[in-house]
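Structural characterization, general
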Amino acid sequence: MIAGDPLSECKPQETGLFVGAGFHGYTHRAACEFYNSGEVRIMTTWKEALGDRIPEDLGREIDIFETQIELKRVGKMDEKVFAETRLRRGVYGQRYDNGARHDGNGQKTLPFPSAELTKGPETLWDAPGMMRIKIPFGGLNPVQIEVLADLAEEYSDAICHVTTRQDFQLHYVHLEDTPDLMRRLAAVGITTREACGNSVRNITACPIAGVCRDETFDVTPYADATMKFLLGHPDTQDFGRKFKVAFSGCGQHACGLVNMHDLGLIARMRQIDGKTVRGFEVYVGGGLGTVPYDAKLYDEFVSEDQIFPLTQAIARVFARLGEKKNRARARIKFLIAKLGIEEFKKLVEEERRVLKPDERWSDYIPGVADYKETPLKDGAELVLAKNLPEGFAAWRETNVYAQRQPGYVVATVTLPLGDISSEQMRALADLARKYVGESVRTTVEQNIVLRWVSEAELPELYAELAACGLGSAGAESIIDVTACPGTDTCKLGIASSRGLAGELRTRLAAKSHELDQAVKALRIKVSGCFNSCGQHHLADLGFYGVSRKIGGTTVAHFQVVLGGKWADNGGSYGLAIGAVPSKRIPDLVSRITGNYLRDRTGQESFQDYTARIGKKALKEMFADLTPVPSMDADPSYYSDWGDPRVFTIGDMGIGECAGEVVSLVDFDMAGAEREAFEAQILLEEHDYEQADDMAYSAMLEAAKALVKLQARDIGDDPDMIVAEFKKLYYDTEVFFDRFAGGKFAQFLFVRHDDNNRAYSAEIAKHLIEEANLFIEAAHACHGKIAEQGAAAPALQVSPS
């Protein structure tokens, strides 16, 4: 049954959702339908209410999913199969959905009604989850914005969250509500299909495509057509992991971030037989994740009529040869690294030759030529006048982009942490109708842009945005901090990325008028763990959450990542150079930006500055920020940003022997961290073989530290260390991460077994990333052992 008030209280003039004679939106108060005669009748379900406004194919899929929910509820569907099924419908798990939450003193049970019923491994049926909603190329219209606002208010916490892939996410959504949520989205042209799971995820594109001053041509219709071609395509249903696609109109900006995608396409033009032909420079095998990989150039030019068959062939090769058992190595970047780009191209070309012709490969092209955005109003230049709204000048400086079309601009609506309330969404829909019509897009920096704004109307638009809390300046600057959900809602979050990002934003915004332009132009990106959902590898200043045991208590830390390049489509990745307590990260940001301004040469960029002074000097710069005082001296270190709980595991209760062991292990771990850092220095010095060997040695040192807990006399023989580590920690799954399994141990095993090692800058950089992650996993493993007191008996020293 439909939740909401009686129809008698459903007044169309209050909703703003009924346009013209037809029904274009669905009020949150009730589901109702207007006929031309004016007759109104109540529908019993959203499925009935929306009727044929739901596309037939999507409607059938939603019906099937609703049936699958019921089958799982009554125990007639396999747990893992259902989990992947709901993921492919965009229905995700969320923190605490296992029914437990640590209150700072101990683990407490959350009393959900259906206590024994689950919707996936260790995921309780009644526990709220996350709903990911695909927004291809970020494109939205006012009606869609209003429906998203209603859904967030009815089914979630009245917050719409914009992601780093131009999606929306709603949190605290209950499983049994998701079919109706999907139907209401489908009725306005939005789907959640393949928003998660082992599928082609949301296809992203530059949010200023079509109005960019530097683009080759508008990639919007290509991104839209590719999404429709790949959605549910039979050749994309058997991947071992997700597959991400991005389009960019140029090579020099970051809007498309082609370098970090499984498949990236940059617009290009070429003269062929005297004609100008559109096409794309194609890249494959990029990706962030735990260890980032640069995308490889597949072809300098692929004509527009060959993009779909090429994409289909790539998908078939990935589905056929990509890893399926070991999810840690299942992305296409690993397949290409294993095969080499030339062998991969050969396989794709062979696959392309045997593909059955498909009229859809070229049917979309006439539509590309016809694609055109129509401005709502005539463009006119802004004539600056007196009495402009307070804050307008600062907002215009950072949030307004002059389109290549004279008289028009793009206005960025800055969303702190990517969040916008339902009330603000409705206000934004009204402003879109007033100023730009349907020209609205989300961005990969978690903002929303209004395109085709007449420049003359900027002061009025700004005043109305500010009135509803959407007038913040600082878009695409150091103030505009990107963050993943982290420990707020993500099951994998280690530290509070949103808490830290919010604190940094507050501090930086307070002194924004004092910031030098060189500092304002920097990017800060924060992830709650090593998985890079916050894109920390691409930032000037990147941070990802880790933890450290200090006197038996867990303390939130962040690894500091420097050297990333946001420009050039995410041109290069940074490396972690050391962990700092979460509460000292704002001090680190202040110090490193201050030193940059003081010590840079001329107009030296931040990336060039950090490369010039080197990792050693950078680490020394914040060495004094790393010590953690005792809890009595400063308890603030022992809670994370925005979370009052104290991170503690209580007394260990295993005596003084264990105390000595902790010190010994910490010492050995520090040695491993030192070697990983030295590997970075060697990489900087272009000594790739030594850098690679040093990173391998760092992993061995961390593995040895754990082995010594149970085999104190283990020697330095790598074969012996790896064999004992495998026996004691991998085969027993003690080293396993709850969600990543044995992924990080595989980094050591693969390197150890590589007897014909090839050395290069890229290979060494990847191994250094892997070494850092292996060491973090070793820290986590030791923390788990210490908490359980499991290793203490093996460490008793005999009287002799």
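Residues numbered from 1 in each chain as written. Predicted model: local features only at pLDDT ≥ 70, side-chain atom pairs only at ≥ 80, totals over all residues. Heavy atoms only, no water.

Concerning the environment of Val 291
Mapped onto the fold, Val 291 is located in the loop between β15 (275-284) and β16 (296-303). Counting along the chain gives 246 residues from Val 291 to His 537, while the straight-line C-alpha distance between them is 9.3 Å. In this structure Val 291 touches Lys 333, Phe 747, His 766, Glu 769, Glu 770 and Leu 773, once residues within four positions along its chain are discounted. (Helix = DSSP H or I, 4+ residues; strand = E, 2+ residues; numbered from the N terminus. Contact = heavy atoms within 4.5 Å.)

Looking at the sheet that holds strand β26 (residues 575-581)
One open sheet accounts for five strands, arranged β22-β23-β24-β25-β26; its pairing is mixed. This sheet does not close on itself; its edge strands, each paired only once, are β22 (482-483) and β26. Across four bridges, the pairing between strand β23 (residues 524-527) and strand β24 (residues 541-550) is parallel. Its bridge partner being in β24, Ile 524 is matched across the sheet by Leu 541. Of the strands in this sheet, β24, β25 (553-562) and β26 are in contact with helix α20 (residues 606-621), which crosses β26 at around 60°. This element, helix α25 (residues 761-788), spans β24, β25 and β26 of the sheet and lies at about 30° to β24. (Pairing = 2+ DSSP bridges. Axes fitted to C-alpha atoms, helices over the stretch in contact; angles between N-to-C directions.)

Observations regarding helix α13 (residues 392-399)
Within α13, burial applies to Phe 392, Trp 395 and Asn 399. Viewed end-on, α13 has its buried residues packed into an arc of 65°, placing them on one side of the element. Turned more than 90 degrees away from the buried face of α13 sit Ala 393 and Glu 397, all of them exposed. The elements touched by buried residues of α13 are β17 (400-402), β18 (408-413) and α15 (458-467). (Buried < 20%, exposed > 50% of the residue type's maximum accessible area, 1.4 Å probe, protein only. Arc of directions from axis to C-beta.)

Concerning a negative patch on the surface
On the surface, Glu 342, Glu 343, Glu 349 and Glu 350 cluster together to form a negatively charged patch. Along the chain, the position of Glu 342 falls in helix α10 (residues 341-354). (Patch = residues over 30% accessible without salt bridge, like charges linked within 9 Å, V, L, I, M, F, W, Y side chains within 5 Å. Areas by Shrake-Rupley, 256 points an atom, 1.4 Å probe, with all protein chains shown as cover. Salt bridge = Lys/Arg side-chain N within 4 Å of Asp/Glu carboxyl O. Lys, Arg positive; Asp, Glu negative; His and termini not counted. Charge placed at Lys NZ, Arg CZ, Asp CG, Glu CD.)

Some thoughts on the sheet that holds β18
Taken in spatial order, the five strands line up as β9-β20-β21-β18-β17 in an open sheet, and their pairing is antiparallel. Edge strands, defined here as strands with exactly one partner in the open sheet, are β9 (139-140) and β17. Direction of pairing for β9 relative to strand β20 (residues 440-442): antiparallel, over a ladder of two bridges. Opposite Gly 139, over in β20, you have Arg 441 as the bridge partner. Where α15 meets the sheet, it contacts β17, β18 and β21 (448-454), and its direction lies at approximately 150° from that of β21.

Observations regarding the packing of helix α5 (residues 142-155) against helix α6 (residues 178-186)
The contact between α5 and α6 brings their axes to 10 Å, and the two run at 170°. As far as their axial angle goes, α6 and α5 are roughly antiparallel. Residues Val 147, Leu 148, Asp 150, Leu 151, Glu 154 and Tyr 155 of α5 form the contact with α6, whose own contacting residues are Asp 180, Leu 181, Arg 184 and Leu 185. Partitioned by chemical class, the residues of the contact of α5 with α6 number six nonpolar, no polar and four charged. (Parallel < 35°, antiparallel > 145°, perpendicular 65-115°, else oblique. Nonpolar A, V, L, I, M, F, W, Y, C, P; charged D, E, K, R; others polar.)

By themselves these figures say nothing about function.
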